[in-house]
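Secondary and tertiary structure notes
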Amino acid sequence: MSETPRDPILRVVPGPTDINANGHIFGGWVLSQMDIAAGIVASRRARGPVATVAIEAMEFIAPIHVRDVISVFAVIERVGRTSMGVRIEVVATRDLGTTEVKVTEGLFTFVALDADNRPRAVQPA
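Given the structure is predicted, the values throughout are model-derived calculations rather than measurements.

Turning to the nonpolar core, a few remarks are in order. Counting residues in each nonpolar core, the largest one holds 26 residues, and the members touching the most others are I70, V72, M84, V86, I88, V90 and F110. Listed by contribution, the elements that provide at least two residues to this core are β1 (10–12), α1 (27–46), β3 (69–79), β4 (83–94) and β5 (99–112). Apart from residues no more than four positions distant in its own chain, V72 is found in contact with P8, I9, L10, Q33, M34, A37, I88, E89 and V90.

Structure follows, in structure tokens:
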């Protein structure tokens, strides 16, 4: 991520109910956290409601463990007429805060919505 923000958009600790059969955190749980963070950033930029329309790229790099602290970073990468691409990076802090591991990253696309939930123009920055 070229413009990693200083502070994460979300910081979450997964729990025992988020574990898959391998003892790691479910990919779907991670994906939902990424979508929440991206939605916050996209909604701020759009100055209103947005909807996820695509996940263009996502890569799982390392597993997330129970008791890891997950930091989700999000940056607007591109803005179109009605849509925005949000680059997400997830970092796990483990070993009582001594180790940071990049666990996943992705590019999510959001569309700005009007009052009728139809696409609307995103205002210039």
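That was the structure; now back to the text.
With that settled, the discussion passes to unusual backbone geometry. Peptide bonds are, in most cases, trans, and in most cases residues other than glycine have a negative phi. The phi dihedral of D95 falls on the positive side, at around 55°, and the residue is not glycine. Among the structural elements, D95 can be located in the loop between β4 and β5. Positioned with a positive phi, N117 is a non-glycine residue whose angle comes to about 60°. Following the sequence through the fold, N117 ends up in the segment after β5.

Scoring rules and cut-offs
- Residues numbered from 1 in each chain as written.
- Predicted model: local features only at pLDDT ≥ 70, side-chain atom pairs only at ≥ 80, totals over all residues.
- Heavy atoms only, no water.
- Core = buried A, V, L, I, M, F, W, Y, C linked by side-chain atoms within 4.5 Å.
- Buried < 20%, exposed > 50% of the residue type's maximum accessible area, 1.4 Å probe, protein only.
- Helix = DSSP H or I, 4+ residues; strand = E, 2+ residues; numbered from the N terminus.
- Contact = heavy atoms within 4.5 Å.

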